Amino acid sequence: MLSLPARRIATCYLTLIGGKMSTSAAAKDLNKDLCGMLKQLAEYELAVNKNMYKSRAYKQAAATLAKLDYKVSSGEEAKKLKGIGDKISKKIDEFLATGTLKKLDNIHKDANSEAIILLSRVHGIGSAKARELVTDFGVNSLEQLRQRQDELNLNHHQLIGIKYFEDFEQQIPRKEIIKVEKIVKDHIANFDPELQVTFCGSYRREKPESGDMDILVTKSSYVSTCEKKEGSTILRNFVSELEKIQLITDTISIGDVKFMGVSNIGRVKGHEKKDALYRHVDIRVCPSDQYHCHILHFTGSSLFNTNMRQHALSQGYTLNEYSLRPVGTAGTAGSPVIINTERDIFEYIDYPYREPKDRND
DNA sequence: AATAGACCCGT
DNA sequence: ACGGGTC
């Protein structure tokens, strides 16, 4: 039968972790059902309608509700919150009254939409490819995707996504990342003590679990005036060392400064474990003089980056992972401001400093 | 209509 | 160079 694993987005991102409770929210998320509804709408807008803006609006609304320490009892009440206007407020009312949302029911009844949403969950398959698979090839399940992969014009990235579909959907416990970090740092210290390795992403934000692992690599003698080749050599050597100890098992893509691939801690000597999961890994190499902008960028969250960069613009600066530069009247960026710490970047643009753990939005 | 900014891949 | 995907 072709019933898709219509797994309700079991988004459990507010979980209790080792006794520790996330700051504001109490133990349970009281608006879980409403958040689930909004997240499904967000997924639908992104995968099916390619509407990033609507999708983001729903995600933001869900994030706002998730943080409340009380249960929302009406749309009107919710409307006072940031990111919830007329339309979402009405949806909240409908959901509270009937327990469902007609719009969502209709989406779930629509086989094509459901299939597009499912296929979009494969790493490397976005809304365009998902739609193509459904409309041109009639694919509507993961099984079919797997069976017919040879005829579907899939690229390497997508093939890896299919291979590890189940594993990639699993969150990585913080404990596991700590182990990987130790393995990597210990090994690299012997290989080249000048390399500096920093694990970033949600791990650095102290999340109890992460969707992937983000590793930033830098080297004091590698600075932005060096030839580009220098960085790509560092990246390739670094990756090749991790392949040697079997931590890295697949490459999705590798360029001059960025690697995307797969790791499995269970294949590393001393950590043998047959059922260890395959994890998504991103590695980025940067010149040491750009380290602070890079670590800021790579720590995220993505929403935090967007907000902070927007603020930078309002202060007359443009911020990216390389530098902070003043924007002249002509709109052209000036030369980079000298940065000595991550905190410097905040201070230059008058943005209140936030510890990594407080950068989730 | 549109939020920052970029890298990598494939064509 | 551009569209697609991901961070």
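Every chain is numbered independently, its residues counted from 1 as its sequence is written. Chains and ligands are labelled by the order in which they are written, letters from A for the one and numbers from 1 for the other. At least 70 in pLDDT is required for a residue's local features to be given in this predicted model, at least 80 for side-chain atom pairs to be given and counted, and no such filter applies to totals for whole chains, interfaces and linings, which use all residues. No hydrogens and no water enter the side-chain calculation; it runs on all heavy atoms of the structure.

**Comments concerning the protein's contact with DNA strand C**
Point 1. Around DNA strand C, the structure places Val122, His123, Gly124, Ile125, Gly126, Ser127, Ala128, Lys129, His157, Asp214, His280 and Asp282.
Point 2. Atoms of DNA strand C within 4 Å of the protein belong to the sugar or the phosphate in 100% of instances, the rest to bases.
Point 3. N or O atoms within 3.5 Å of each other form a polar contact, as long as, within protein, one can give a hydrogen and the other can take it, and as long as residues adjacent in sequence are counted only when both atoms are side-chain atoms. Take Ala128: an N or O atom from its main chain is 3.3 Å from a phosphate oxygen of DNA strand C.
Point 4. One nitrogen or oxygen atom from the side chain of Asp282 is found 3.5 Å from a sugar or linking oxygen belonging to DNA strand C.
Point 5. Put simply, the parts of the chain that give the surface near DNA strand C at least two residues each are α7 (127-137) and β7 (279-287).
Point 6. By definition, any uninterrupted DSSP run of H or I lasting at least four residues is a helix, any uninterrupted run of E lasting at least two residues is a strand, and each is numbered from the N terminus. The element best represented in the surface near DNA strand C is α7, accounting for 3 residues. For each residue, the test is whether any non-hydrogen atom lies within 4 Å of the molecule or strand; if one does, the residue is near.

**Examining the packing of aromatic side chains**
Point 1. Aromatic contacts are taken between Phe, Tyr and Trp rings whose centres are within 6.5 Å, Trp giving its six-membered ring; a plane angle under 30 degrees counts as stacked, one over 60 as edge-to-face, and the others as tilted. If you walk through the whole model with that rule in mind, you get 7 aromatic pairs.
Point 2. Summarising the aromatic geometry, the rings of Phe199 and Tyr203 are spaced 6.2 Å apart at their centres and angled 70° between planes, so their arrangement reads as edge-to-face.
Point 3. Take Phe199: its relative accessible area is 4%, and that puts it in the buried class.
Point 4. Arranged with centres 6.3 Å apart and planes meeting at 25°, the rings of Phe346 and Tyr351 form a pair that is stacked.
Point 5. Only protein chains enter the accessibility calculation, which uses a 1.4 Å probe; a residue whose area is less than 20% of its type maximum is buried, one above 50% is exposed, and one in between is partly exposed. For Phe346, a relative accessible area of 0% translates into the label buried.
Point 6. Owing to a relative accessible area of 14%, Tyr351 belongs among the buried residues under this scheme.
Point 7. By the ring-pair criterion, three or more aromatic residues cluster together here, those being Phe304, Phe346, Tyr351 and Tyr353.

**Overview of the UniProt feature "domain: DNA-directed DNA polymerase X" (unreviewed entry) in chain A**
Point 1. UniProt positions are given in the numbering used here, feature names are shortened, and annotations may be inferred rather than shown by experiment. Following the UniProt record, the feature "domain: DNA-directed DNA polymerase X" (unreviewed entry) maps to residues 29-360 here.
Point 2. Summarising residues 29-360: 49% helix, 13% strand, and an end-to-end C-alpha distance of 17 Å.

**A few points about the environment of Asp275**
Point 1. Within the secondary structure layout, Asp275 lies in the loop between β6 (258-263) and β7.
Point 2. A C-alpha to C-alpha distance of 33 Å links Asp275 and Lys59, two positions 216 residues apart in sequence.

**With respect to the protein's contact with DNA strand B**
Point 1. DNA strand B sits among 19 residues. The nearest are Tyr53, Asp256, Thr318, Asn320 and Tyr322.
Point 2. Backbone sugar and phosphate groups make up 58% of those atoms of DNA strand B lying within 4 Å of the protein.
Point 3. Here Arg309 contributes a side-chain N or O atom positioned 2.9 Å from a base nitrogen of DNA strand B.
Point 4. Here Asn320 contributes a side-chain N or O atom positioned 2.6 Å from a phosphate oxygen of DNA strand B.

**Looking at the pattern of salt bridges**
Point 1. Any carboxyl oxygen of Asp or Glu within 4 Å of a side-chain nitrogen of Lys or Arg constitutes a salt bridge here. Under the definition given, this model contains 18 salt bridges.
Point 2. The closest approach of N and O atoms between Asp192 and Lys219, which form a salt bridge, is 2.9 Å. Of this pair, Asp192 sits in the loop between α11 (174-191) and β2 (195-199) while Lys219 sits in strand β4 (residues 213-219); the two residues are 27 residues apart in sequence, bridging distant segments of the chain.
Point 3. Through salt bridges that share partners, Lys79, Asp86 and Lys90 make up one connected network.

**A short note on the sheet that holds strand β5 (residues 248-254)**
Sheet strands pair via backbone hydrogen bonds, and the direction of the pair is either parallel or antiparallel.
Point 1. Spatially, 5 strands are ordered β2-β4-β7-β6-β5 in an open sheet, and the strand pairing comes out mixed. One side of each edge strand has no neighbouring strand; the edge strands of this open sheet are β2 and β5. Between one strand axis and the next, the sheet turns through 25° on average, direction left out of account.
Point 2. Paired strands are those between which DSSP finds at least two bridges. Looking at chain direction, β2 and β4 are connected through 5 bridges and run antiparallel. Across the sheet, the residue bridging to Thr198 is Leu216, located in β4.
Point 3. When checking whether two residues touch, look at their non-hydrogen atoms; a contact exists if any pair is within 4.5 Å. Helix axes use the C-alpha atoms of the stretch in contact, all axes being lines fitted to C-alpha atoms, and the angles between their N-to-C directions lie in the range 0 to 180 degrees. With respect to the sheet, helix α9 (residues 156-163) is in contact with β5 and β6, its orientation differing from that of β5 by roughly 145°.

**Some words on the nonpolar core**
Point 1. If you look at the biggest cluster of nonpolar residues, it comprises 41 residues, and the most contacted ones within it are Met37, Leu38, Leu65, Ile84, Ile92, Leu133 and Leu145.
Point 2. Residue assignment for this core shows that the elements contributing at least two residues are α1 (32-47), α2 (52-67), α4 (86-98), α5 (102-109), α6 (111-119), α7 and α8 (142-147).
Point 3. Take this core: its biggest share by element is 8 residues, from α1.
Point 4. Setting aside anything within four residues of it in sequence, one finds Leu65 in contact with Asn31, Leu34, Cys35, Leu38, Val72, Leu81, Ile84 and Ile92.
Point 5. The next biggest cluster of nonpolar side chains, apart from the first, holds 29 residues, and it includes Val180, Val197, Met213 and Ala276. As used here, the term nonpolar core means buried Ala, Val, Leu, Ile, Met, Phe, Trp, Tyr and Cys residues forming a set that is joined through side-chain atoms within 4.5 Å.

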